[in-house]
Amino acid sequence: MRLVGALLLVVMAGWAADDLRPLAEAEVPSLMVLYKDLHAHPELSHHEERTSALLAGELRKAGYTVTEHLGKYADGSQAFGIAAVLKNGVGPVVLVRTELDALPVEEKTGAPFASTVRSKNAVGLDVSVMHACGHDLHMMSLLGTARTLAKLKDRWSGTVILIGQPSEETVDGARAMLGDGFYTRFGKPDYAIALHNEPTVEAGKVGLVSGPIYASSTSVDVTIRGMGGHGAHPEATKDPVVMAAEYVLALQTIVSRQTLPLEPAVVTVGSIHGGSKHNIIPDEVVLQITTRSFNEDVRENILASIDRMARGVALAAGVPEDRAPIVKVLDSETVPSTYNDPKLAERLHTAFAGALGAGNVVDLKPIMVSEDFGLFGLEGHQIPTVIFQLGTSSAQQLQDSRRTGKPLPSLHSSLFLPQAEPAMRTGIVATSSAVLDLLKK
């Protein structure tokens, strides 16, 4: 009986793969046109108006009931979240998420459809904008999946909710949608899945992690305050630039000397700004910091160290108490670690192997990047969630990287450009196979 069952699974898996691949292939040409358009017109977090409208329109064309302008941010402003719902009889509810936003990065890929967009960031600075994290590819994988599922309604029963989530890069988009009553309006799903591209995995393959996959992230703003003055008279000042330099170096000891070596942790100073002219010592320098960990105790220790070290640097420089540093933890840009439900991950592994071939499903390890997708699983992992990795590099690129020791452009790099066509096909087949399995009749 076991042999018969195994043979039946193989036959069914092969049929599903043969069925899905031509459907995905047929969608790729039109999706590539949209992909290049989105890539050339990226929008920063909180500003995805054009992007959300384009995706919403395409999902309507595919037969979904679409709701736009979902979500409210902490400051009360409107978010550009979208939800596309397709009901097809009685059965479970599956949520599939994509992200909409891009990054303040100047593109240097040289692609003919490279972004030249510039925009104002959250603090009013003029910045370049680029889809340096591949969210444009994610959107097209979701749209291809939407079209595929609409054509295969005889194969599944239940409800599909496709989400276009804003502001993933500032990790407040999921919270904005959930806080605005998303599950009250659309109902809680039985499962939630998503994908994210990964340049260390070959295009045509997907990767899975069971359990914790991404670290928590906490953003911290630190203002080092001094007493400014003329650059020719440093003795009459308390120089915040020098203090900030000392502080950046001191922060490196949080992981190396204040955290148990067995506990993964990262402290990154991503931005430092101060001063306006060569010969003026400014009054203050502002640093933007992110922390990452899997353990909540480690996170709390890092935050305490960031605060203590800032005060220590100021004290050593003789800064008066009324000019002590200001350390602000940004709750709106804080997310817990992302957790893949082991049972759901195992189920998707089987579905992916059937649709893509067992050799195209690889086991990966957790990494220190962060995501807010896990918030859709609600506190305590009430809803099983899985986010899987979509390979985006060619076999030749990976081989050359191993041979030369030169790493491939990473996510958030100005040079990052995925192998969009094969990755898109794989994303459509993988996501469609997952939904079909979860909603099979």
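Everything that follows concerns the structure shown earlier in this document.
Just so it is clear, the model here is predicted, and its values are computed rather than measured.

Colleague: Help me out: how do you make sense of the packing of helix α8 (residues 342–356) against helix α10 (residues 420–438) in this one?
Modeller: Two quantities define a packed helix pair, namely the angle between the helix axes and the distance between the axes. Two elements in contact, α8 and α10, have axes whose closest approach is 9 Å; the angle formed by their N-to-C orientations is 125°. Here α8 is positioned oblique relative to α10, judged by the angle of their axes. Of the two elements, α8 crosses α10, and the hand of that crossing is right-handed. Along the contact surface, α8 presents Leu344, Arg347, Leu348, Ala351, Phe352, Ala355 and Leu356, while α10 presents Thr426, Val429, Ala430, Ser433, Ala434, Asp437 and Leu438.

Colleague: Help me out: how do you make sense of the pairing of strand β10 (residues 216–225) in this one?
Modeller: Taken across its 10 residues, β10 has nine buried, putting it largely inside the fold. Sheet topology note: the β10/strand β14 (residues 284–293) ladder contains 10 bridges and is antiparallel. Across the sheet, the residue bridging to Ile224 is Val285, located in β14. Relative to strand β15 (residues 326–335), β10 runs antiparallel, the two being bridged by seven bridges. Among the inter-strand pairings, Ser217 is bridged to a residue of β15, identified as Val335.

Colleague: Quick question: what am I supposed to make of the environment of Ile163 here?
Modeller: Positionally, Ile163 belongs in strand β6 (residues 158–165). You can call Ile163 buried: its relative accessible area is 0%. Measuring from C-alpha to C-alpha, the distance between Ile163 and Arg97 comes to 4.6 Å, with 66 residues separating the pair along the chain. Residues within four places of Ile163 in sequence aside, it is in contact with Ile82, Leu95, Val96, Arg97, Thr98, Leu142, Met177, Phe182 and Phe376.

Colleague: Just to check I follow, could you spell out the sheet that holds β15 for this structure?
Modeller: Pairing between the strands of a sheet is mediated by backbone hydrogen bonds and can be parallel or antiparallel. The strand order across the open sheet built from four strands is β12-β14-β10-β15, with neighbouring strands paired in antiparallel fashion. A single partner strand is all that each edge strand has here, and the edge strands are β12 (265–274) and β15. Each strand axis lies, on average, 20° off the axis of its neighbour in the sheet, ignoring direction. Along the sheet face, helix α7 (residues 296–316) touches β10, β12, β14 and β15 and points at about 5° away from the line of β10.

Colleague: For this particular structure, what's the right way to read the sheet that holds strand β8 (residues 206–208)?
Modeller: Across the sheet, which stays open at both edges, the eight strands sit in the order β1-β2-β6-β3-β7-β18-β8-β17 with mixed pairing between neighbours. Strand pairing shows two members of the sheet lacking a second neighbour, β1 (65–72) and β17 (361–363), which therefore form its edges. Looking at each pair of strands side by side, their axes are set apart by 30° on average, direction ignored. The sheet contact formed by β8 and strand β18 (residues 385–393) spans two bridges and is antiparallel. When the bridges of β18 are listed, Val206 appears paired with Leu390.

What counts and how
Within every chain, residues take consecutive numbers counted from 1 along the sequence as written. Totals for whole chains, interfaces and linings use every residue, but because this is a predicted model, local features are given only for residues with pLDDT of at least 70 and side-chain atom pairs only at 80 or more, for both listing and counting. By convention in this description, side-chain values take in all heavy atoms of the structure and omit both hydrogens and water. With axes taken as lines fitted to C-alpha atoms, and helix axes fitted only over the stretch in contact, angles between N-to-C directions fall between 0 and 180 degrees. Numbering goes from the N terminus for both helices and strands, where a helix is a DSSP run of H or I of at least four residues and a strand is a run of E of at least two. For classification purposes, an angle smaller than 35 degrees is called roughly parallel, one larger than 145 roughly antiparallel, one from 65 to 115 roughly perpendicular, and anything else oblique. Working rule for handedness: look at the near helix, and if it is turned counterclockwise from the far one by less than a right angle, call the crossing left-handed; if clockwise, right-handed. What makes two residues a contact is simply this: any of their non-hydrogen atoms within 4.5 Å. Buried, partly exposed and exposed residues are distinguished by accessible area as a fraction of the type maximum, computed with a 1.4 Å probe on protein chains only: under 20%, between the cut-offs, and over 50%, respectively. For two strands to be treated as a pair, DSSP must find no fewer than two bridges joining them.

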